[in-house]
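Structural overview for review
Given next are the chains, with one letter for each unit.
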Amino acid sequence: MRFLYYIYQVCIALPILLVLTLLTALVTIVGSLIGGAHVWGYYPGKIWSQLTCYLLLLPVKVQGQEKLHDRTSYVFVPNHQGAFDIFLIYGFLGRNFKWMMKKSLRKIPFVGKACESAGHIFVDRSNPKKMLSTMRQAEASLTDGVSLVVFPEGARTFTGHLGSFKRGAFQLADDLQLAVVPVTINGSFEVLPRTGKWIHWHRLTLTIHTPIPPKGKGAENIRLTMSEAYAAVESGLPEKYRGKVNDDPRNA
């Protein structure tokens, strides 16, 4: 069965997805130029992500959406298991949002330009002034119920375990006094891990945890929120992926 799935990928699913990716990028770019980046920057990508999962025959389960309030902006902090985290969040989170992503992704042909047109936020950590500009752009995006999605680990896991969280998303949530929503992704590591070359069939699960409201403002609020969010995300992982490990073999 695995061999037949590989043939299906190469001969049917991936060629269709390549065309869909180009069309989605073009629709996003043109639509955002015409006007309404909040609409054109979200719905084409949402449909593209859903079709990607359906074409690759990947079952998706979402739980916890009832914990979110309509027209409320949040800062979502999911774990980063693999390449399919993008499709799972974009297609099935059920919220209009902007990504906060590495600036190197801007260089991807068509996709990088589409992300820029859609108003997604490229993080530039080269100096404090550019980092401040990034944060101001993120603040300006969080209106009318539009939320922000940040992978607080900063990069995909090598082992499936949860890496340490960086402060950026939590600092922004503290500045704007927004609730942080921990999100646990399961199955993406099995579908296509960081070191993988083939897509494997596996169920994808997106678990939305209870939003964490601010408990004041400042360093202590950031520390408590980071700790609570980490515990929530880890609680949704299978037992084999819990606990701290050296997640980067390059540091072994």
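Residues numbered from 1 in each chain as written. Predicted model: local features only at pLDDT ≥ 70, side-chain atom pairs only at ≥ 80, totals over all residues. Heavy atoms only, no water.

1. A closer look at the pattern of salt bridges
- Enumeration according to the criterion identifies four salt bridges in this entry.
- Of the charged contacts in the structure, one is a salt bridge between Lys240 and Glu190, with a shortest N-O distance of 3.9 Å. Here Lys240, found in the segment after α9 (219-235), pairs with Glu190, found in helix α8 (residues 188-191); they are 50 residues apart in sequence, far enough to count as distant.
- With a relative accessible area of 57%, Lys240 lands in the exposed category. (Salt bridge = Lys/Arg side-chain N within 4 Å of Asp/Glu carboxyl O. Helix = DSSP H or I, 4+ residues; strand = E, 2+ residues; numbered from the N terminus. Buried < 20%, exposed > 50% of the residue type's maximum accessible area, 1.4 Å probe, protein only.)

2. Structural notes on the sheet that holds strand β1 (residues 60-63)
- With mixed pairing, seven strands are arranged side by side in an open sheet as β1-β7-β6-β2-β5-β3-β4. Strands at the two margins of the open sheet, each flanked by one partner only, are β1 and β4 (121-123). Recorded for the sheet is a direction-independent mean angle of 20° between the axes of neighbouring strands.
- Summarising the sheet, strand β3 (residues 97-102) and β4 pair through three bridges and their orientation is parallel. Along β4, the bridge assignment pairs Met100 with Ile121. (Pairing = 2+ DSSP bridges. Axes fitted to C-alpha atoms, helices over the stretch in contact; angles between N-to-C directions.)

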